[in-house]
Amino acid sequence: MEGRRRRWCYWVVTVVHVVGILIFTRGFLLTRTELPYYSHCSDVSQSPCFSPTNNDSLSSSSSSSDSSINSSNINQDQHCWTKPAVDRLVIIVLDALRFDFVAPSTFFPEKKPWMDKLPVLQRLAFKQGSSARIFKAIADPPTTSLQRLKGLTTGGLPTFIDVGNSFGAPAIVEDNFIHQLVINGKRVVMMGDDTWVQLFPHHFNKSYPYPSFNVKDLHTVDNGCIDHLFPSLYQEDWDVLIAHFLGVDHAGHIFGVDSVQMIEKLEQYNLLLEKVIKVLESQSGPGGIHENTLLIVMGDHGQTLNGDHGGGSAEEVETSIFAMSFKQPPVSIPPELDTSSCEQDLDGRKMCTSSIQQLDFAVTVSALLGVSFPFGSIGRVNPELYALGASKWNLEDTGAGDCKNQAKLQEWVQNYVNVLCINAWQVKRYIDVYSASSMIGFSSEDLLHISDIYNQAEGNWSNTKNFLLYENEQGHSLLPALRRQIDAYSNFLSNVSELARSKWTEFNLRMMGIGLAIMLMSVFIIFLAIWQSNRPQIAFPLPSGDSRISFDVIFAFFIVAIRACSLFSNSYILEEGKVAIFLLATTGIVKLQCSIMKKKMLPEAVVFLLLVSVLRFTIEIGLSKQAATSLFLNVSSSWMLRFAPDHPLWTYMSESGPILALILLAWLLYRTISSIYCQGIWKYVIMGTISSYILIAVHWGSESSISSVSSLLQGVGRSYIPRMVYTVGLGQLFLMAFGQLFSKEKALDEKWSLIMKTTAMLSAWSSTIIILSGQQGSLIALASVIGGYCILRLDSMEEDAISGTVRKLNFNPLAVTQWNLLAVCLFFATGHWCAFDGLRYGAAFVGFDEFVLVRQAILLTVESFGFSHILPILGLPFLAVCRYSPGQTNHGKSSIFSLLYPMYMMFGLITTTTVIATLMCVTIQRRHLMVWGLFAPKFVFDVVGLILTDLIICLALIFYSGKGKIEDDAQQNQAAEK
């Protein structure tokens, strides 16, 4: 019975972890309250601002002394909140459009191959007297496509919890720009990324969606957009056209930014945009269907050099907007509203780009089209983008003299002030309603501060309106008063956005505290389980010869504590891989010192430190993917360095090295099946893995640039071979499960029985993990074998040193700690990190072209956690085998399971401790600037890793314990105790 309790004890721990994590997550990752309210045209009558009709009469002429400012006299049949400045809008979204794809290379310290590939946009933006402009658009993290599209259309800040929905976007229920278009009678046509149809299922008059998650397909979505885009430009059955291209995003994910495929895709887009602009210009004359059309070419987010996005780095949040009006150039806006950054090209020509927050996009476009602003928008109408479209108020010839130009500038500023007034009123209304409706909302101090700023702006506005009505008749300049009013409204809007960014999420500290307490309780349960498993040994006094084990216990605790404490710093989280490899190297140095003193296992200690050095280098390469100035970028799916990409010797080494490592792994497995202990199903399982390794070598050969048969194998090797490997792996797992449940084990040596089981289980998983990891997979697998072997040998040195003595613990915690640290290092050495842009999405499509959510999620999980969780946990029995001594001990016969069980509990304890440190960190840092860009992704990765660890440990304990052995061993141990 005691053995049965041991086998199921960790299931209790797993349940406790799941409950604690769910409760903590409910408190930490709460979505903000989405209010069920929508803006309507009639709402503006409640504002203190001029109506569109009254504002027209006021701004066009000041001779009507009886101009009324009563905002209730709105002609709703003609206008809504603002006077429409454009009639039609074309939005072309180029997914993952980096800012340096659009801006000239002179804006950057060094010219890169992917720069200046969209010259048509640069030529139009910097042309003298042009009505086009390039903006640097700043997105709010997380920078996944779903969050960006929601932010662009609602004008609100993203919520982190929605990241999980990025692969299955739910419909947007809160007010948004698309909804406002529909209720105001605007006709919307969409083509491209099917995420739009998922977010807005009933809003489009016409839609041509294409599946968006097959990242290996660079052309299907783009070609579909092109097929429908150009015919639509000649039609009059739409007011807003949205075309969302995905080629650049997919090229980045698969090949990276610095790749031929990326450059080809940008050049394709340049030709496309040139044709689009030509079509629009040809019909922009008087009476043409594009006489008053605004073209916007924009990205939803950026991407890192290796094509990832989702985090909050500058490369990911900085994208671009190109806006072009086909009317005459707008008036020059006041200098204080100009955010231009200018450089000179080689010819001395001045080139300027502006900046805009993506938060401002929805409200700015709503103002241009004359529809109500989304109810929950907290953005500001951007003056530069608004000026491009709103230049229709500048109807007179601009060359009539300075006085007339001054009057026209004053007229534009006056209209912009009125738009900002409506903008500020709408934001204030939303903040008041949100605070009243939400369970937590903003604090009373914050609301009082915001109200004071708004009331001050409104007080200035009351005076300004009187000034506009009377002083203008006397010819006084109104610009100083108008500029002060713009400053007042802009100050209010910027304060609201800053407040929302810092305090938007509704953290429930009570639930977070309960969840953290439950997680701490799980630590007590694991400690209790370890103590119970070592109770006979602890009952005896500790002899002096066992001091080394005491040191290892203290040192292991010290290492785990240091790693846990490092998670409280954002800098150390960013460098987590380096911290883990440093701690692993520290344990290696301690083992080296011990081996020198005892003159044992010196080669193993040296090899272990050399391996740590190699892993340190690979982790540095993996981390360098996040750096904008990385010199280690590789456009392939692995991290392998390419010092001279065109050098034949390096090409040969980079492609033959992984295959040689695969051959060595197959040879090790062949040596295993040659053993007399390898019998029955275990032998067939290992033989299946050797055959899978052969298939993987053929698969890599089909992708090789040096193999003469690669072209012959492309069709089979790239699609069917991975599926064959998956099938073999599943068959191996089913075969082992069948053997565990129904076959009778032969009376083998208990030690060798566990060795065969462990080897078979590792081999069954390894083939799938290797092929998903790319050509780095076999190298990492070989490194894990070498590292694990060194840990085993160095641990056996300690076992030999204390043989014949009474141990305080029947396992060495330092060896388990090293095993855990090696697993962590392998996660970072494979090019991963704890952020959504650290996922290798291309791995989910190895062997498949179409997107199936469950299948692709499983493949991505196996690739992400294969070397760091699945293989290390399933391989832990080797540590128990290393310390197992069959026969009689001081307390009777010792079952090998009695050694394995506390080792698994110790491994779970280490993982749980680091996760608890992460929970405490995100609790403390919940108001940190990087909470969503850094701490929340770390939290998600750690809790997913912990639950996966728990499940694997539970299954491993069941599988490795065998049938009918635990109860017998437990009875024998009890008899020995008596």
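What counts and how
- Residues numbered from 1 in each chain as written.
- Predicted model: local features only at pLDDT ≥ 70, side-chain atom pairs only at ≥ 80, totals over all residues.
- Heavy atoms only, no water.
- Helix = DSSP H or I, 4+ residues; strand = E, 2+ residues; numbered from the N terminus.
- Buried < 20%, exposed > 50% of the residue type's maximum accessible area, 1.4 Å probe, protein only.
- Patch = residues over 30% accessible without salt bridge, like charges linked within 9 Å, V, L, I, M, F, W, Y side chains within 5 Å.
- Areas by Shrake-Rupley, 256 points an atom, 1.4 Å probe, with all protein chains shown as cover.
- Salt bridge = Lys/Arg side-chain N within 4 Å of Asp/Glu carboxyl O.
- Expected span 1.5 Å × (residues − 1).
- Contact = heavy atoms within 4.5 Å.
- Pairing = 2+ DSSP bridges.
- Axes fitted to C-alpha atoms, helices over the stretch in contact; angles between N-to-C directions.
- Bend = angle between axes of the 7 residues up to and from the residue.
- 1 Å grid on protein atoms, 1.4 Å probe; cavity = no way out; pocket = protein on both sides within 12 Å on 5 of 7 lines; lining within 4 Å.
- Points joined across faces, edges and corners; volume = space filled by probe spheres on them.
- Nonpolar A, V, L, I, M, F, W, Y, C, P; charged D, E, K, R; others polar.
- Phe/Tyr/Trp six-rings, centres within 6.5 Å; stacked < 30°, edge-to-face > 60°.
- Lys NZ or Arg CZ within 6 Å of the ring centre and 35° of its normal.
- Core = buried A, V, L, I, M, F, W, Y, C linked by side-chain atoms within 4.5 Å.
- Disulfide = S-S within 2.5 Å.
- Parallel < 35°, antiparallel > 145°, perpendicular 65-115°, else oblique.
- Left-handed = near helix turned anticlockwise from the far one by under 90°.
- Polar contact = N/O pair within 3.5 Å; in protein donor to acceptor, adjacent residues only side chain to side chain.

### Considering the overall build of the chain
- When helices and strands are counted, the chain shows 33 helices and 11 strands.
- Relative to its 978 residues, the chain shows a buried fraction of 59%.

### Thoughts on a nonpolar patch on the surface
- A cluster of nonpolar side chains, L664, W667, L668, Y670 and V785, forms an exposed patch at the surface whose accessible area comes to about 460 Å².
- Ranked by the residues each element gives to the nonpolar patch, the list is headed by helix 23 (residues 648-673), at four residues.
- By the element assignment, Y670 lies in helix 23.

### Here's the deal with helix 17 (residues 509-533)
- Here helix 17 contains 25 residues, and its C-alpha end-to-end distance of 36 Å stays within 8% of the 36 Å for a straight helix at 1.5 Å per residue.
- Those residues of helix 17 that fall on the buried side of the exposure criterion are M512, G515, L516, I518, M519, S522, V523, I526, A529, I530 and S533.

### Here we look at the side chain of T143
- Position of T143 among the secondary structure elements: in the loop between strand 2 (132-138) and helix 5 (145-154).
- If we ignore the near neighbours within four places in the chain, the residues touching T143 are R148, H301, H309, G310, G311, E316 and V317.

### Overview of the sheet that holds strand 8 (residues 341-344)
- The sheet built from nine strands is open, its strands ordered 4-3-5-1-6-7-2-9-8 with mixed pairing. Only two strands of the sheet have a single neighbouring strand rather than two, namely strand 4 (206-210) and strand 8. Here the average twist between neighbouring strands, direction ignored, is 15°.
- Sheet contacts for helix 12 (residues 361-369): strand 1 (88-94), strand 5 (240-245), strand 6 (293-298), strand 7 (318-325) and strand 9 (350-357); angle to strand 6, the most-contacted strand, approximately 165°.

### A few points about the pairing of strand 1
- The element strand 1 is extensively covered by neighbouring structure, given that seven of its seven residues are classed as buried.
- Where strand 1 meets strand 6, six bridges bridge the pair, whose relative direction is parallel. Looking at strand 6, one finds that V90 is bridged to L295.
- Two elements, strand 1 and strand 5, share six bridges in a ladder whose sense is parallel. Its bridge partner being in strand 5, I91 is matched across the sheet by I242.

### Quick look at helix 29 (residues 853-874)
- Taking 1.5 Å per residue as the helical rise, helix 29 with its 22 residues ought to reach 32 Å, whereas the 27 Å between its terminal C-alpha atoms falls clearly short.
- When the local axis directions of helix 29 are compared, the greatest deviation, roughly 85°, occurs at G866.
- Counting buried residues in helix 29 gives 16 out of 22 residues, a clear majority hidden from the surface.

### A short note on the layout of surface pockets
- Roughly 1,200 Å³ of internal volume is contained in the second largest pocket.
- Taken together, 37 residues make up the lining of the second largest pocket; nearest its centre are T759, L762, V785, L792 and F878.
- At the level of elements, helix 23, helix 26 (750-772), helix 27 (776-801), helix 28 (813-829), helix 29 and helix 30 (877-883) are the ones that each hand at least two residues to the lining of the second largest pocket.
- Tallying contributions element by element places helix 27 first for the lining of the second largest pocket, with 10 residues.
- Classifying every residue of the lining of the second largest pocket by side-chain character gives 25 nonpolar, nine polar and three charged.

### Brief notes about empty space enclosed by the protein
- One pass over the full model with this rule turns up seven cavities of 30 Å³ or more.
- A volume near 310 Å³ is recorded for the largest cavity.
- If you go around the largest cavity, you meet 22 residues; those closest to its centre are R563, V824, H869, T911 and D942.
- Elements with a minimum of two residues in the lining of the largest cavity: helix 28, helix 29, helix 31 (896-924) and helix 32 (931-961).
- The element that contributes the greatest number of residues to the lining of the largest cavity is helix 32, accounting for six residues.
- Here the lining of the largest cavity is built from residues that sort into 11 nonpolar, seven polar and four charged.

### Let's talk about the packing of aromatic side chains
- Across all of its chains, the model carries 22 aromatic pairs by this definition.
- On the basis of an interplanar angle of 55° and a centroid distance of 5.1 Å, the ring pair of Y454 and F492 is categorised as tilted. Placement of the pair is Y454 in helix 15 (residues 444-470) and F492 in helix 16 (residues 479-503), with a sequence separation of 38 residues.
- Residue class for Y454 comes out buried when judged on its relative accessible area of 8%.
- Joined through ring pairs, the aromatic side chains of Y37, F375, Y430 and Y434 make up one cluster.
- The ring of F959 is capped by K757, whose NZ or CZ atom sits 5.4 Å from the centre of that ring.

### Observations regarding the nonpolar core
- F28, I770, L879, Y904, F939 and Y960 are the most contacted members of the largest nonpolar core, which totals 146 residues.
- When sequence neighbours within four positions are dropped, the list of residues in contact with Y904 reads Y10, I873, L874, L876, P877, I953, A956, L957 and Y960.
- I172, W196, Y386 and L420 belong to the second-largest nonpolar core, a separate cluster that totals 85 residues.

### Quick word on the state of the cysteines
- For the coordinates displayed, the defined rule picks out two disulfides.
- Disulfide pairing places C41 opposite C80 at an S-S distance of 1.9 Å. Every disulfide takes its handedness from the sign of the S-S torsion; for C41 and C80 that torsion is -115°, giving left-handed. In this pair, C41 sits in the loop between helix 1 (2-28) and helix 2 (52-60) while C80 sits in the loop between helix 2 and strand 1, placing the two residues 39 residues apart along the sequence.
- One disulfide bridge connects C49 with C421, the sulfur atoms lying 2.0 Å from each other.

### Notes on the environment of L35
- Here L35 is to be found in the loop between helix 1 and helix 2.
- With 402 residues separating them in the primary sequence, L35 and S437 have C-alpha atoms 7.8 Å apart.
- Excluding anything up to four places from it in sequence, L35 contacts E174, F375, Y430, V433, Y434 and S437.

### Here's the deal with the packing of helix 26 against helix 29
- Interhelical geometry of helix 26 versus helix 29 gives an angle of 150° and a closest axis separation of 9 Å. The angle between helix 26 and helix 29 places the two elements in the roughly antiparallel class. As for the relative orientation of helix 26 and helix 29, their crossing is left-handed in sense. Residues T758, M761, L762, W765, S766, T768, I769, I770 and L772 of helix 26 lie in contact with helix 29, whose contacting residues are L859, V862, E863, G866, F867, I870, L871 and L874.
- Residues that form the contact of helix 26 with helix 29 fall into these classes: 12 nonpolar, four polar and one charged.

### Thoughts on the side chain of S435
- Mapped onto the secondary structure, S435 falls in helix 14 (residues 402-437).
- On the basis of relative accessibility, which here comes to 17%, the residue S435 falls in the buried class.
- A distance of 3.0 Å separates a polar side-chain atom of S435 from the backbone oxygen of I431.

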